[in-house]
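Below are the chains, spelled out letter by letter.
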Amino acid sequence: MIFTVAIDGPAAAGKGTISRAVAERFGFAHLDTGALYRAVGVKGGDPVAAARGLTPADLARDDLRTLEAGQAASKVAVIPEVRQALLDFQRDFARRAGGAVLDGRDIGTVICPEAEVKLFVTASPEVRAHRRWLEVGGDAAQVLAEVKERDARDMTRADAPLKPAADAVVIDTSRLSIEEAIAAACAVVSERLCK
Ligand code: CDP
Ligand code: CDP
């Protein structure tokens, strides 16, 4: 069975949490596409060469989830040649047998416009910054500023900007518990699988 669930949205909206739960529930494979951009961002040197030569070892680094890696990722993510270098890997993953969940910024719009399910997971910047601050600590005002800066860069870039696909189901998790957000996403997937 080929079945793709595309989950897009801004930083710390809950994409990863929901993606992992959906993948587990339905037995699908999961790809966190943000990790690809984070790995390119922290590798240094020429980002296009880094994207073309990305290896599994680059994705296994323990420094990928830092605020700095997030900023570095969004800077290399504006480069069209970087996005192009990562495209085929993501498309092949999405159409693998047995179903796949991919989360990122452009899965429903660019990587997999034909995805069977498209979710746009969002929340207010304040809620998202608070969640990220709980994870990484430090200066809360700075975490909020960095979340807003990254959102702005992701939404205004010319190539594959962050926006909901026209046919995406929007899930605002601002006032949802993790369990409620997962249930909302699973309900959309179940409905589509039953069709
Ligand atoms: O992948 P993304 O950056 O969109 O977000 P995440 O890593 O799934 O979630 C960011 C943080 O928010 C995690 O610590 C989640 O446990 C938390 N979260 C939450 O508190 N409430 C939700 N409804 C969803 C996520
Ligand atoms: O987990 P969080 O939402 O904070 O970030 P992420 O999903 O790991 O993505 C890090 C950065 O990579 C984003 O801010 C985007 O600039 C970029 N990205 C992208 O451009 N396209 C994707 N499909 C995934 C991530």
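Residues numbered from 1 in each chain as written. Chains lettered and ligands numbered in written order. Predicted model: local features only at pLDDT ≥ 70, side-chain atom pairs only at ≥ 80, totals over all residues. Heavy atoms only, no water.

As recorded by an unreviewed UniProt entry, the protein carries the name Cytidylate kinase and is attributed to Rhodobacter capsulatus. Per UniProt, the protein carries the Subcellular location (unreviewed entry) text "Cytoplasm". Recorded under Sequence similarities (unreviewed entry), the UniProt text for the protein is reproduced unchanged: "Belongs to the cytidylate kinase family. Type 1 subfamily." (UniProt positions renumbered as here; feature names shortened; annotations may be inferred.)

Asks: So what's going on with the sheet that holds strand β2 (residues 29-32)? Which residues, and what values?
Replies: If you walk across this open sheet you meet the five strands as β2-β3-β1-β4-β5, and the pairing is parallel. Edge strands, defined here as strands with exactly one partner in the open sheet, are β2 and β5 (169-172). In this sheet, neighbouring strand axes are inclined to one another by 20° on average, regardless of whether the strands run parallel or antiparallel. Inspection of the sheet shows strand β1 (residues 4-8) paired to strand β3 (residues 100-104) by five bridges, in the parallel sense. Following the sheet pairing, Ile-7 is matched in β3 by Asp-103. Packing of helix α2 (residues 33-43) onto the sheet brings it into contact with β2 and β3, and relative to β2 it is tilted by some 35°. Strands in contact with helix α6 (residues 80-94) are β1, β2 and β3; relative to β3, the strand with the most contacts, it is inclined by about 145°. (Pairing = 2+ DSSP bridges. Helix = DSSP H or I, 4+ residues; strand = E, 2+ residues; numbered from the N terminus. Axes fitted to C-alpha atoms, helices over the stretch in contact; angles between N-to-C directions. Contact = heavy atoms within 4.5 Å.)

Asks: Quick one: what's the story with the environment of Arg-95, residue by residue and with numbers?
Replies: In this structure, Arg-95 sits in the loop between α6 and β3. Each C-alpha atom, one on Arg-95 and one on Leu-67, is 31 Å from the other, the two residues being 28 residues apart in sequence. Once residues lying within four places of it in the same chain are set aside, the contact partners of Arg-95 are Ile-2, Thr-4, Cys-112, Glu-114 and Glu-116. A distance of 3.3 Å separates polar atoms of two side chains, one belonging to Arg-95 and the other to Glu-116. (Polar contact = N/O pair within 3.5 Å; in protein donor to acceptor, adjacent residues only side chain to side chain.)

Asks: Would you mind going over the packing of α2 against helix α5 (residues 67-76) in detail, with residue names and values included?
Replies: Axis separation between α2 and α5 bottoms out at 7 Å; the angle between their running directions is 95°. In terms of orientation, α2 and α5 fall into the roughly perpendicular class. Contact residues: Tyr-37, Arg-38, Val-40, Gly-41 and Val-42 in α2; Ala-69, Gly-70, Ala-72, Ala-73 and Val-76 in α5. Residues of the contact of α2 with α5, tallied by class, amount to seven nonpolar, two polar and one charged. (Parallel < 35°, antiparallel > 145°, perpendicular 65-115°, else oblique. Nonpolar A, V, L, I, M, F, W, Y, C, P; charged D, E, K, R; others polar.)

Asks: Please provide a residue-by-residue account of the UniProt feature "domain: Cytidylate kinase" (unreviewed entry) in the protein, values included.
Replies: UniProt's feature table lists "domain: Cytidylate kinase" (unreviewed entry) at residues 5-40 and 62-188, given in the numbering used throughout. Its end C-alpha atoms 24 Å apart, residues 5-40 is made of 56% helix and 22% strand. The annotated region residues 62-188 carries 55% helix and 12% strand content, and the separation between its end C-alpha atoms amounts to 33 Å.

Asks: Summarise the side chain of Asp-58; cite the residues concerned and give the values.
Replies: Its place among the elements puts Asp-58 in helix α4 (residues 56-59). Residue Asp-58 is classed as buried on the basis of its relative accessible area, which comes to 9%. A distance of 3.0 Å separates polar atoms of two side chains, one belonging to Asp-58 and the other to Lys-43. In this structure, Asp-58 is in contact with Ala-39, Lys-43, Gly-53 and Leu-64, ignoring residues within four places of it in sequence. (Buried < 20%, exposed > 50% of the residue type's maximum accessible area, 1.4 Å probe, protein only.)

Asks: Tell me about the pattern of salt bridges, residues and numbers included.
Replies: Once the charged atoms of two side chains with opposite charge are near each other, the side chains can pair. Scanning all chains against the criterion turns up 12 salt bridges. As a salt-bridge pair, Asp-63 and Arg-61 come within 3.4 Å of each other at their nearest N and O atoms. A relative accessible area of 28% means that Asp-63 is categorised as partly exposed. Here Lys-118 ties to Asp-167 by a salt bridge, and the two come within 3.1 Å at their closest N and O atoms. Pair noted here: Lys-118 is in strand β4 (residues 117-122) and Asp-167 is in the loop between α9 (140-156) and β5, with a separation of 49 residues, a long-range link. Residue Lys-118 is classed as buried on the basis of its relative accessible area of 8%. With a relative accessible area of 52%, Asp-167 lands in the exposed category. Through salt bridges that share partners, Arg-95, Glu-114 and Glu-116 make up one connected network. (Salt bridge = Lys/Arg side-chain N within 4 Å of Asp/Glu carboxyl O.)

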